[in-house]
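Single-letter residue listing:
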Amino acid sequence: MKINITNDDGAVFLLDVSEQFSVGELKEILQAEFGTPRGEMALVYNMAVMADDQTLSAYNVRDGDVVIMTKSSEPPPEQPQGGGETVPNIDWASLRLPSSNMAAGSSTAPAQASPPVDEREVIRQHFLNTPHELAILKERNPPLAEALSSGDKEKFYEVLEKQQQQRREQEAERIRMLNADPMDPQYQQKIAEDIRHTNVQANMESAIEHIPEMFGQVVMLYIKCVVNGHPVLAFVDSGAQSTIMSEECAERCNIMRLVDRRWAGTAVGVGTQEIVGRVHLCQIQIEDVFLPSSFSILKKQPMDMLLGLDMLKRHQCCIDLKNNVLQIRTSDTQTPFLAEKDIPRNQKIIRQTSSISSDAMETEDRQLAEALTRSEQPQSPRQPLVQSPQRPSTHSTQQPTRSPQQTTQPQSSQTQFREGDIHRIMAAGFSRQQAIEELHRTQGNVELALASLLARSLKF
């Protein structure tokens, strides 16, 4: 419970004590607080001097009551055998009892004398002095965290006041909707949105309590390898269809001279990227084993190299998360995944806090729709020699289609293709029949036919 202690000067102090405290223990606390010797101190409650060996509950002291502390030059009186108490000779007129306003505002009296504290600066200093709270702020309120990290007080104050104003407006809007007509559709929609928001918030709080690790970033799987004598960090991604390498890394490994630019195109996935070409065969050294592989070279790829599903399936790789290793079953070897400290920052996947702009999303959707539309339109077989060559890509959305006229075309019309085009394909090691069939399938596109045959022949 909390009791008010007042002294001869009329000052009031609030103390948090237990009902089982003895008066002597209370005097020791007051002696430590105010420096008044215990022997010169007298405590008075309800016009009676309190004995040191009695507890506060014995005097029926309640929460919020006032106990008077005064100095007494006389020793504490002895208790008579009859059990009565004698009151010392105290000049009650000299004591100033606290008013109700003084008792109620005693805890804030020192603060009123001090200059006002800027709440915004208190919040700012709190985050600067507590790194844990600052990390949570960066995760949950990136705009305010960015303003704090800038070191500009005015910018932080501006962002904080703006967010506080938004919360006040939202609360005012909620109260206004609650006081509106219950049958109003907007009112019903607002209630449904509040219920949904409450459920989402409760779900997040439950996740924070039971699985807080889900709010951290997972360390991606990287391994060390060597390409053409140059060390490279490879990102293991079983969700990627093929193995890719950045153009910068290919230049660093001196394999750009092997890039087949006929395989240029556009990689479509979570975003779009330009494919420069393809390296059909190159060896990757992992530990002491050399593994053959092929790469699609991407122009603007943040990672140096990405081991896709084609590489992992070809060499029967197994991602062992229990032992944190990548097992290569074809060579009976394994290599450990790198720890977070060993991964350069530019190779890490950083979670974006800002959403993708609508313009970028519309442009990407438009490009994808155009590519799909072109792939669905059959090309005319009457002009196979004047069509612009189509460059194939392992990631390109442009795929050749076979028209019904080509499917039922008799073998006697195979001579429509030029002998020079047929001999060009045969010079790459394919038979005449293969060349003619592929030219039929690609509607006379020599580049596309040759690239398609080469792609099928390079499969392991």
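Conventions used here
- Residues numbered from 1 in each chain as written.
- Predicted model: local features only at pLDDT ≥ 70, side-chain atom pairs only at ≥ 80, totals over all residues.
- Heavy atoms only, no water.
- Pairing = 2+ DSSP bridges.
- Helix = DSSP H or I, 4+ residues; strand = E, 2+ residues; numbered from the N terminus.
- Contact = heavy atoms within 4.5 Å.
- Axes fitted to C-alpha atoms, helices over the stretch in contact; angles between N-to-C directions.
- Parallel < 35°, antiparallel > 145°, perpendicular 65-115°, else oblique.
- Core = buried A, V, L, I, M, F, W, Y, C linked by side-chain atoms within 4.5 Å.
- Buried < 20%, exposed > 50% of the residue type's maximum accessible area, 1.4 Å probe, protein only.

Student: How should I be thinking about the sheet that holds strand β2 (residues 12-16) in this particular structure?
Tutor: The pairing of strands in a sheet comes from backbone hydrogen bonds and takes either a parallel or an antiparallel form. Spatial strand order, β2-β1-β5-β3-β4: five strands in an open sheet with mixed pairing. At either margin of the open sheet sits one strand with a lone partner, and together these are β2 and β4 (48-49). Looking at chain direction, strand β3 (residues 41-45) and β4 are connected through two bridges and run antiparallel. Following the sheet pairing, Y45 is matched in β4 by A48. Strand contacts of helix α1 (residues 23-34): β1 (2-6), β2, β3 and β5 (66-71), with the helix running at about 120° to β3, the strand carrying the most contacts.

Student: Explanation requested: the packing of helix α5 (residues 131-140) against helix α6 (residues 142-149) in the structure shown.
Tutor: Two numbers describe how α5 lies on α6: the axes approach to 6 Å, and their chain directions differ by 130°. Judged by the angle between their axes, α5 and α6 are oblique. When α5 is examined against α6, the residues L134, L137, K138, E139 and R140 are found in contact with a partner set consisting of P142, L144, A145, L148 and S149.

Student: Just checking my understanding: could you explain the nonpolar core for this structure?
Tutor: Grouped burial of nonpolar side chains is what soluble globular proteins tend to show. Core analysis: the largest hydrophobic core is formed by 30 residues, its most contacted members being M245, I284, F295, I297 and M305. Contributing elements (two or more residues each) for this core: β6 (222-227), β7 (230-236), α9 (247-252), β10 (271-286), β11 (289-298), β12 (305-307), α10 (309-314) and β14 (325-328). For this core, the element with the highest residue contribution is β10, accounting for five residues. Residue contacts for I284: discarding those within four places in its chain leaves C225, V226, V227, V289, F290, L291, S293, F295, M305, L307 and M311. Within the second largest apolar cluster, 17 residues are counted, among which are M41, L43, V67 and M69.

Student: Is there a simple way to explain the side chain of R124 in this structure?
Tutor: Mapped onto the fold, R124 is located in helix α4 (residues 119-129). Given the relative accessible area of 10%, R124 is considered buried. Sequence-distant contacts of R124, that is, excluding residues within four places in its chain, are made with L148, G151, K153 and F156.

Read these as geometric descriptors, not functional statements.
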